[in-house]
Amino acid sequence: MASESDDEFVTLLCTNPNAAEDTETFISTTDIHNWELSAILRCQTVKIQAHRVRLVEQSSYFHGLLSGSFCESNLSCVSIQWNMEVFINVLKCVYGCKVDITSKTFLSLFEAALYFGVESLLLTCKTWFSEASSTKGPGLLEIQVDDLIHIWNFGLEHDASNLCEMHLADALLVWLTANTERLEPLSKAEDDCTGILNQLRISLLPLWFAAGKRRSCYFTELAEKSMETIFRLLKIPPADSIGIFDDGDLDHLRIRLTEYSKKVNLSGCPQITSVILLLSLLPNSYCVDFMLRKSIRQSLINLERLSANRDQCGSGILHGLPPILSFEGVEEVDISKCPRLHLESTIEIFLKSFPSLRKLRATHLLNFKTTTLHKLMLKCPRISEVDLTIDITPLIPAQVSVISSSPVIVPPLTNKSCFVGNNFLGMASYHSQPSVSNITRLILEGRSDISDLDLQYITGLCVSLKYINLKGCVSVTDTGISNLICRCSKLHSILVCDTSFGINSIQALCSGITSFGPAASDLEKRCSDTLAFKLQTLHIGGCMGVDERSLFDLMSQTQALVSLCLRGTHVVDDALYHFPGSSLEILDISNTMVSGDALAYIVNGNPALKCLNARGCKNLIHQGSNTSGTELSSSYSCRDLYTVLGKKCMLEEIAFGWGFSWLSLLALRPAIMSLRAISVGLGGSLGEDALRLLPTTCPMLESLILCFQVISDAIIINFMRSLRHLQALSLCYCLGDVSTSSFKNSIANLRKLRLERVTPQMTNNDLVVLTQNCASLVEFSLVGCRLLNSDSLRLISQGWPGLISVHLEDCGEVTATGVSYLFNCRALEDILLRHNGPGIPSSFILDAASKMPMLRQLALDLCDACEGDFDIPNDGNRYLLSIVKIARCKFQRSTNIYFQETHRRPVHKDTLVLVWNAQNLNSTVVKERI
């Protein structure tokens, strides 16, 4: 009988058929740090004594083998059929030893890590490959062309995550850029690289990615071909896209999927249709055989008729088609910003091909209605997470003053429709099929068409709901939200910023989940029976229907909160002093009246705090008060907030304003060495010394926002040279001696740049320099650059063809002679053009929506309309466009009649806001300039 100590070990039997000696050896993992690999590999048979528990904990393979119901779980010896050298390296990683990876060993180790399920080795392999293929890593020259080709082939055969073609293209471009000099004399190698790039299916690239790579020296030609192909597909109506079957080769339209695929990411691909998706799921032989292709082509006509009429039901769309492939490994699909997909039929396809689907992202698709969500619940019962985010309407009741509003109802659906309207309660056919969904995480952010009745029906199905995001759902009432809370007893995360969340909802959170027992008089017991006590995430920023007393009651019961947003609410010090939690990692109390003392109290009790937003808090510089009279421990009555933060926390993101100074930054220094984002706004004053030391104090900064600060050329040059990880830079309404020479240093990683009222002397020559030194920009904003002219748009569109957002306001004569150059930025999603010259034609909104298929938000000013007005698109020709804002001005007259003409200047009058949702178009005029 084996002793207890023997049970702790298992013997792993390894064989080496190519061994130099016909010998056997026995080694133990207790001495693994002293193993001599060369001596071990000379033996034909190696017996390795390993800790059973260690193997089970570190390897999913051994976890299933040794702790499951297999007969091997009781064996003391297990035979390992794997390359001995590779397996020994796997064991080394399991026991925490360093494993050396090279381009020659990468694939064998990666494959072994996948097979034996050793996450630590997988991470090591991925880290090595990321560093070796980057332009900065020390191993950038380690990957040879042959190795790259082998890695490519391995990826095709063992793809674990289909992230579209974009990630593959990006990785290849990074590698080519890093190895430019070494490849130049090797023409054959260059041919091999070109051959690899030609394997990319450029028809399936996201539009923004293809547009942005038109400036890449290696990818320019392919990017142009990709853009041409994408727009050729976009010109074909979905109902006619069946014509692609007339092409000889269809591989370029087939999404790469293998049995190992876990994620399918099609986001940002407006060219994708249901036919293209279905084509990828048919066996390749069907697409090669002429007769089969003809049969499939005929069968798909039914699908295309559905695509032509989005109101039609999607059931039976696969009737007449040969069986489509099933990829059981796929658990996550992203179809965000794919407006040409017929959603009803796409769900049918998911049902057949992705039976294990658990996560679906379908953001920025207004045609994904609540009825479509219900069908998804019925057809894909395993799905647990759904994200249907759209842009939040600017018409938040607490933020605007409405002058007039007139909803324009979209024409009703045909009688052939399988549902009526957008409301669940109008679907008699669905009522006959009651079911319970497994959805635990549901994101409906921005869905202004969601009503209380929709929430009622959703909560009736989603009985396991744990996470709900209703941010910006302005049509939902406090009563509707409170009913949801009462019905979903498993909720632990509620995000309801800018909604009607109010007193009723707080009462629902603070009420017991079950009836109270005899001990109900005990306050702690009562609190533990409430949803509030179990909440992990609570975001109620902008919810003005919550009064001080209700917030006090709510905060005193939230024991387990990890993320809390109270932005712009009526929260006061008392509520914070009675907060019992100790697990906060994210806190937003911006634009509130809390004091520095109260915030210091929170920080003291929550040392895990990583992200803090306290911008707009004027009372931070004042001493706090505890009006309830509760006696507080002296250890919590800290007066210096920044000293407490510096001693207690390791911060990743901070935002401050009033009272934030150079001394504040010094006090924070121990806590911000790993800071990724900092924002300093109105009321803060860092000063030149603090700004100069910022790059050394926070070397990992990725986002830097400075508003109303005093800056200089030297400061900006220091940022550009030193902050090599910087991805977002915003300088807004800053004072100081600033010129455009500040931006003459290259900063390759910068993706977002805002220069608002800080560079008034910027010229077109400066723009050229900016496009060269900030070549990776995708978001660009300029305000107050009055020396720019009509040639500036050409420079912007040529320098940054991959822009997804551009804001130009009060920039000289940029739009005085038209805006045609802007159409070269085909992937734009967000445009703001105001007070740049009266040269914008009335058809601009229609033209922009058709030529920029990803455009969702557009802001203009009637002052810039060359014909005095703008044509408004209807529901059929707006594409993805969902928000249009048109500001109007009036002339301010001088009180001196002699100088009336001289002093006439335009000032804001009102703004027309057009918002489309799944049901209608809402036309609203508000006082504010938004």
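Per-chain numbering applies: the sequence of each chain, read as written, is numbered from 1 onward. Reporting in this predicted model follows two pLDDT cut-offs: at least 70 for local features of residues, and 80 or more for side-chain atom pairs to be given and counted; totals over whole chains, interfaces and linings ignore these cut-offs and use all residues. The side-chain figures draw on all heavy atoms in the structure; neither hydrogens nor water molecules are used.

A.B. asks: I'm lost on the overall build of the protein in this one. Help?
C.D. replies: Counting from the N terminus, the helices are the DSSP runs of H or I reaching at least four residues and the strands are the DSSP runs of E reaching at least two. Counting its regular elements, the protein contains 35 helices and 28 strands. For the protein, with 930 residues in total, the buried portion stands at 53%. Note on contacts: a residue pair qualifies if any of its non-hydrogen atoms lie within 4.5 Å across the two residues. For the protein, the proportion of contacts with a sequence separation of at least 24, taken over those separated by at least 6, is 72%. The cut-offs for exposure are 20% and 50% of the maximum accessible area for each residue type, with area from a 1.4 Å probe on protein chains only; residues under the lower value are buried, those over the upper are exposed, and the others partly exposed.

A.B. asks: So what exactly am I meant to see when it comes to unusual backbone geometry here?
C.D. replies: Where the residue is not glycine, phi is negative for most of them; where a peptide bond is considered, it is trans in most cases. Although it is not a glycine, Asn591 adopts a positive phi angle of roughly 55°. Tracing the sequence through the fold places Asn591 in the loop between strand E15 (586–588) and helix H28 (596–605). Using a relative accessible area of 49% as the deciding quantity, one classes Asn591 as partly exposed. Residue Tyr733 is not a glycine yet carries a positive backbone phi of 55°. Residue classification places Tyr733 among the partly exposed residues on the basis of a relative accessible area of 40%.

A.B. asks: Is there a simple way to think about the pairing of strand E4 (residues 77–80) in this case?
C.D. replies: Here E4 shows one buried face, formed by Val78 and Ile80, and one open face, formed by Cys77 and Ser79. Note on pairing: DSSP must find at least two bridges between two strands before they are called paired. Sheet topology note: the strand E1 (residues 9–15)/E4 ladder contains four bridges and is parallel. Looking at the pairing, Leu13 lines up with Ser79 of E4.

A.B. asks: How do you make sense of the pattern of salt bridges when you look at a structure like this?
C.D. replies: Once the charged atoms of two side chains with opposite charge are near each other, the side chains can pair. Basic side-chain nitrogens of Lys or Arg form a salt bridge, by our definition, when they fall within 4 Å of a carboxyl oxygen of Asp or Glu. Applying the stated criterion to the full structure yields 28 salt bridges. Across the salt bridge formed by Glu688 and Arg692, the nearest N and O atoms sit 3.8 Å from each other. Of this pair, Glu688 and Arg692 both sit in helix H31 (residues 687–697), four residues apart, which is roughly one turn of that helix. Classification of Arg692 as partly exposed rests on a relative accessible area of 41%. Where salt bridges share partners, they join Lys337, Asp391, Glu829 and Arg856 into one cluster.

A.B. asks: Would you mind going over the environment of Leu770 with me for this structure?
C.D. replies: With respect to the helices and strands, Leu770 occurs in helix H33 (residues 764–773). Judged by relative accessible area, which is 1%, Leu770 ranks as buried. Expressed as a C-alpha distance, the spacing of Leu770 and Ile796, which sit 26 residues apart in the sequence, is 9.5 Å. Contact partners of Leu770, with chain neighbours within four places excluded, come to Phe743, Leu753, Leu755, Met762, Phe780 and Trp800.

A.B. asks: Quick question: what am I supposed to make of the side chain of Thr924 here?
C.D. replies: In this fold, Thr924 is placed in strand E28 (residues 920–926). Sequence-distant contacts of Thr924, that is, excluding residues within four places in its chain, are made with Leu395, Val402, Ser404, Ser405, Thr911, Leu912 and Val913.

A.B. asks: What should I look at first to understand helix H13 (residues 220–235) in this one?
C.D. replies: For the α-helix, the turn length of 3.6 residues means that residues three or four positions removed from each other point alike. By definition here, a helix of n residues has an expected span of 1.5 Å times n minus one. Between the first and last C-alpha of H13 there are 23 Å, a value that for 16 residues agrees with the 22 Å anticipated at 1.5 Å per step. When we look at burial in H13, the residues that qualify are Leu222, Ala223, Ser226, Met227, Thr229, Ile230, Phe231, Leu233 and Leu234.

A.B. asks: Looking at this structure, how should I read the nonpolar core?
C.D. replies: Side chains that are nonpolar tend, in soluble globular proteins, to be buried together. By size, the foremost hydrophobic cluster in this structure holds 184 residues, and its most contacted members are Leu645 and Phe656. Broken down by element, the residue count for this core peaks at six residues, all from H28. Setting aside anything within four residues of it in sequence, one finds Phe656 in contact with Leu612, Ala614, Arg615, Leu620, Leu641, Tyr642, Leu645, Leu668, Ser679, Val680 and Gly681. Counting 43 residues, the second largest nonpolar core, distinct from the first, contains Phe62, Val90, Cys97 and Val99. Take the buried Ala, Val, Leu, Ile, Met, Phe, Trp, Tyr and Cys residues and link them wherever side-chain atoms come within 4.5 Å; each set so joined is a nonpolar core.

A.B. asks: Explanation requested: the side chain of Ser493 in the structure shown.
C.D. replies: In this fold, Ser493 is placed in strand E12 (residues 493–495). Throughout this description, a polar contact denotes any pair of N or O atoms lying within 3.5 Å of each other; where both atoms belong to protein, one of them has to be capable of donating a hydrogen while the other can accept it, and for residues adjacent in sequence the pair is counted only when both atoms sit in side chains. Within the structure, the side chain of Ser493 is placed 2.8 Å from the side chain of His492, a separation counted as a polar contact. Side chain to side chain, Ser493 and Thr537 meet in a polar contact 3.4 Å long. Here Ser493 is in contact with Lys466, Tyr467, Ile468, Leu535 and Thr537, once residues within four sequence places are set aside.

A.B. asks: Which parts of the structure should I look at to understand the sheet that holds E4?
C.D. replies: One key point about sheets: their strands pair by backbone hydrogen bonds, in either a parallel or an antiparallel sense. Sheet architecture is open: four strands sit in the order E2-E3-E1-E4, paired in mixed fashion. Two strands close off the open sheet at either side, each with one partner strand: strand E2 (21–28) and E4. For this sheet, the mean angle separating the axes of adjacent strands, direction not counted, is 20°. To get an axis, a line is fitted to the C-alpha atoms, and for a helix only the part in contact is used. The angle between two axes follows their N-to-C directions and goes from 0 to 180 degrees. Here helix H5 (residues 84–94) sits on the sheet and contacts E1, strand E3 (43–51) and E4; the angle it forms with E1, its principal contact strand, is near 155°.

A.B. asks: Could you clarify how one ought to interpret the environment of Thr363 in this entry?
C.D. replies: Here Thr363 shows up in the loop between strand E7 (359–361) and helix H19 (370–379). Judged by its relative accessible area of 4%, Thr363 is buried. The sequence separation of Thr363 and Ile335 amounts to 28 residues, and the corresponding C-alpha distance is 7.5 Å. If we skip the residues at most four places from it in the chain, Thr363 touches Ser336, Lys337, Asp387, Leu388 and Thr389. For Thr363, the side chain forms a polar contact with the side chain of Ser336, separated by 2.8 Å.

A.B. asks: Whenever I open this one, the packing of H33 against helix H34 (residues 792–799) confuses me. Can you help?
C.D. replies: For any two helices packed against each other, one specifies the crossing angle of their axes together with the interaxial distance. As a packed pair, H33 and H34 sit with axes 10 Å apart at the nearest point and diverge in direction by 5°. Judged on the interaxial angle alone, H34 and H33 are roughly parallel. Between H33 and H34, the contacting residues are Asn764, Leu767, Val768 and Thr771 on the first element and Ser792, Leu795, Ile796 and Gly799 on the second. A class-by-class count of the residues in the contact of H33 with H34 yields four nonpolar, four polar and no charged. Working rule for angles: under 35 degrees goes down as roughly parallel, over 145 as roughly antiparallel, 65 to 115 as roughly perpendicular, anything else as oblique. Gly is placed with the polar residues, together with every amino acid not listed as nonpolar (Ala, Val, Leu, Ile, Met, Phe, Trp, Tyr, Cys and Pro) or charged (Asp, Glu, Lys and Arg).

A.B. asks: Please clarify how the packing of H19 against helix H21 (residues 452–461) should be interpreted in this entry.
C.D. replies: Running from amino to carboxyl end, H19 crosses H21 at an angle of 5°, the nearest separation of the two axes being 11 Å. On the basis of the axis angle, H19 is roughly parallel to H21. Across from Thr370, Leu373, His374 and Met377 in H19, the residues of H21 making contact are Asp454, Tyr457, Ile458 and Leu461. Grouping the amino acids of the contact of H19 with H21 by side-chain chemistry returns five nonpolar, two polar and one charged.

A.B. asks: Before we go on, may I ask you to explain the packing of aromatic side chains in this structure?
C.D. replies: Remark: the centre distance and the inter-plane angle together describe each pair of aromatic rings, the angle taken between the planes. Working definition: a ring pair exists when centres of Phe, Tyr or Trp rings (six-membered ring for Trp) sit within 6.5 Å. Plane angles under 30 degrees give stacked, over 60 give edge-to-face, the rest tilted. One pass over the structure, following the stated rule, counts 20 aromatic pairs. Ring geometry for Phe708 and Tyr733: centres 5.8 Å apart, planes at 20°, overall stacked. Separated by 25 residues along the polypeptide, Phe708 in the loop between strand E19 (703–707) and helix H32 (713–722) and Tyr733 in the loop between strand E20 (728–732) and strand E21 (752–756) bring together distant segments of the chain. With relative accessibility at 46%, the residue Phe708 sits in the partly exposed group. By way of ring pairs, the aromatic residues Tyr61, Phe62, Trp82, Phe87, Tyr115 and Phe116 are connected into one cluster.

A.B. asks: Looking at this structure, I do not really get a nonpolar patch on the surface. What am I missing?
C.D. replies: Each patch is built from residues that are more than 30% exposed by relative accessible area and take part in no salt bridge. Like charges join if they lie within 9 Å; nonpolar side chains (Val, Leu, Ile, Met, Phe, Trp, Tyr) join within 5 Å. Calculation of accessible area relied on Shrake-Rupley with a 1.4 Å probe; when residues are assessed, cover is drawn exclusively from the protein chains displayed. A cluster of nonpolar residues, Leu682, Phe708 and Tyr733, forms a patch on the protein surface that exposes about 310 Å² of accessible area. As for its position among the elements, Leu682 is in the loop between strand E18 (677–680) and H31.

A.B. asks: For this particular structure, what's the right way to read the pairing of strand E22 (residues 779–783)?
C.D. replies: Looking along a regular strand, one sees side chains alternate from face to face of the sheet. Counting buried positions along E22 yields four of five residues, so the element is predominantly enclosed. For E21 and E22, the ladder comprises five bridges, and the chain directions are parallel. Across the sheet, Leu755 pairs through a bridge with Leu782, a residue of E22. A crossover gets the label right-handed when its path from the first strand over the helix to the second runs clockwise, viewed with the strands pointing away from the viewer. This β-α-β element, E21 to H33 to E22, shows right-handed connectivity. Once the chain exits E22 it traverses H34 before rejoining the sheet at strand E23 (residues 805–809), and the crossover so formed is right-handed.

A.B. asks: Hey, could you run me through the confidence of the model for the protein in this one?
C.D. replies: Parts of the prediction with low pLDDT should not have their coordinates interpreted in detail. Mean pLDDT over the protein: 83, with 79% of residues reaching 70 or higher. Between residues 1–6, whose pLDDT stays under 50, and residues either more than four places distant or in other chains, the model counts one contact. Residue-level confidence of the predictor, termed pLDDT, takes values from 0 up to 100. Across residues 135–141, where pLDDT falls below 50, the model places 15 contacts with residues more than four positions away in sequence or in other chains.

A.B. asks: Before we go on, may I ask you to explain the state of the cysteines in this structure?
C.D. replies: Two cysteines whose sulfur atoms are joined by a covalent bond form what is called a disulfide. Two cysteine sulfurs form a disulfide in these notes if their separation is within 2.5 Å. Within the structure shown, the criterion is met by zero disulfides. No disulfide involves Cys338; its sulfur sits 5.6 Å from that of Cys269, the nearest cysteine. Classification of Cys338 by relative accessible area gives buried; the value is 1%. Distance from the sulfur of Cys734, which forms no disulfide, to the nearest cysteine sulfur (Cys707) is 6.5 Å. Its relative accessible area of 8% is what places Cys734 among the buried residues.

A.B. asks: Before we go on, may I ask you to explain H28 in this structure?
C.D. replies: Burial analysis of H28 places nine of its ten residues in the buried class, the great majority of the element. Burial in H28 covers these residues: Gly596, Asp597, Ala598, Leu599, Ala600, Tyr601, Ile602, Val603 and Asn604. Here the buried face of H28 lies against helix H27 (573–577), E15, strand E16 (611–613) and helix H29 (641–648).

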